[in-house]
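# Structural overview
Residue-level listing of the chains:
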Amino acid sequence: MGSNHPIAKPVILFDGVCNLCNTSVQFVIDRDKKDQFLFASLQSSYAKEVLPESLSDSDALQSIVLISKDKIITKSSAALTVAKSLSGLWPMMYLFMIVPRFVRDWIYDIVAKNRYKWFGKKDICMIPSPELKSRFID
C-alpha cells in the first residue's frame, strides 16, 4: 500500500527501532478499541513514499507522524490527536492542545532527542504478531 492507493484510516508513523516508540505503538493498539489507526515505521517504504522530502530527512525520525485525510501532523500535536481517539481517559490529554505548540514541541523534542539513551534501541524494526499484521503497512 502506498500513496497511489489511498488509505481510509489514519496512519501513525513511528521510529521502528526505538523502544519507547514501539512501546507507544503497543499502548495505542491496546487502547484503540475501534481499530481506527494503521501503523508504519518511519523506515518503511510507505513512509518514504508519502512523506515530503522536508520531513523524510533525519529530523523526521525524531517525531511521531500522523497522516490523516492527507494532513501531516507531527510531534506533540500528533501524539495528542492520537490520544483524543483512544479509549479510557486518554482523550482528556487533548486538553494540552491549549498549551502553545512551541512549548509542547520543546518538551517533546527533549524526550525525542534522548529516547535511545533513556529507553534503548533495537537492531531491527518491530515485527507485528500475525493477529496485528493487518494493522501495519510496509
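For the structure itself, look to the data block above.
Here is a short report on the structure shown in this document. Throughout this description, residue numbers start from 1 for each chain and increase along the sequence as written. Reporting of local features is limited, given that this is a predicted model, to residues whose pLDDT is at least 70; pairs of side-chain atoms are given and counted only at 80 or more, and all residues count toward the totals for whole chains, interfaces and linings. Only heavy atoms go into the side-chain values, all of them from the structure, while hydrogens and water stay out.

## With respect to the sheet that holds strand S1 (residues 11–14)
In sheet architecture, strand pairing relies on hydrogen bonds along the backbone and comes in two forms, parallel and antiparallel. As a reminder of what qualifies: Between any two strands, at least two bridges found by DSSP are needed for them to pair. Elements are defined by DSSP. Helices are runs of H or I of four residues or more, strands are runs of E of two residues or more, and each kind is numbered from the N terminus. Axes here refer to lines fitted to C-alpha atoms; in helices the fit is confined to the stretch in contact. Angles between the N-to-C directions go from 0 to 180 degrees. Whether two residues touch is decided by their heavy atoms; if any such pair falls within 4.5 Å, the residues are in contact.
One open sheet accounts for four strands, arranged S2-S1-S3-S4; its pairing is mixed. Each edge of the open sheet carries a strand with a single partner, namely strand S2 (38–41) and strand S4 (71–74). In this sheet, neighbouring strand axes are inclined to one another by 25° on average, regardless of whether the strands run parallel or antiparallel. Seen against the sheet, helix H4 (residues 75–84) touches S1, strand S3 (65–68) and S4 and runs at an angle of roughly 105° to S4.

## Quick word on the environment of Tyr116
As for its placement among the helices and strands, Tyr116 is situated in helix H5 (residues 101–119). In the structure, Tyr116 is positioned 95 residues away from Cys21 in sequence and 9.9 Å away in space, judged by C-alpha atoms.

## Structural notes on the nonpolar core
Test applied: Here the nonpolar core consists of buried residues drawn from Ala, Val, Leu, Ile, Met, Phe, Trp, Tyr and Cys, with membership extended through side-chain atoms lying within 4.5 Å. We call a residue buried when its accessible area falls under 20% of the maximum for its residue type, exposed when it is over 50%, and partly exposed in between, using a 1.4 Å probe and counting protein chains only.
Core analysis: the largest hydrophobic core is formed by 16 residues, its most contacted members being Ile12, Val28, Phe37, Phe39, Leu66, Val82 and Phe136. When residues of this core are traced back to their parent elements, those giving at least two are S1, helix H1 (19–31) and H4. Grouped together as the second largest cluster of nonpolar side chains are 11 residues, Val11, Leu38, Tyr46 and Ala47 included.

## What about the pairing of S1?
Here S1 shows a buried face lined by Val11 and Leu13 and a second buried face lined by Ile12 and Phe14. Relative to S2, S1 runs parallel, the two being bridged by four bridges. Pairing of Ile12 across the sheet is with Phe39, part of S2. Sheet analysis places S1 next to S3, joined by three bridges and oriented antiparallel.

## As for the pattern of salt bridges
To keep it simple, the criterion reads: The working definition used for a salt bridge is a side-chain nitrogen of Lys or Arg within 4 Å of a carboxyl oxygen of Asp or Glu.
In the structure shown here, the tally under the stated rule is four salt bridges. The shortest N-O distance in the salt bridge between Arg135 and Asp35 comes to 3.0 Å. Of the two residues, Arg135 sits in the segment after H5 while Asp35 sits in the loop between H1 and S2, which places them 100 residues apart along the sequence. A relative accessible area of 36% means that Asp35 is categorised as partly exposed. Taking the shortest distance from any N to any O, the salt bridge between Asp105 and Arg101 comes out at 2.9 Å. With Asp105 and Arg101 both in helix H5 and four residues apart, the pair spans about one turn of that helix.

## Things to note about unusual backbone geometry
Non-glycine residue Asp35 carries a positive phi angle of around 50°. The backbone phi angle of Lys75 is positive, close to 50°, even though this residue is not glycine. Within the element layout of this structure, Lys75 appears in helix H4. For Lys75, a relative accessible area of 17% corresponds to the buried category.

## Points about the side chain of Ser76
Formally: Think of a polar contact as two N or O atoms within 3.5 Å of one another; within protein, one of them needs to be a possible hydrogen donor and the other a possible acceptor, and neighboring residues in sequence only count if both atoms come from side chains.
Following the sequence through the fold, Ser76 ends up in helix H4. For Ser76, a relative accessible area of 6% translates into the label buried. A distance of 2.9 Å separates the side chain of Ser76 from the side chain of Arg104, its partner in a polar contact.

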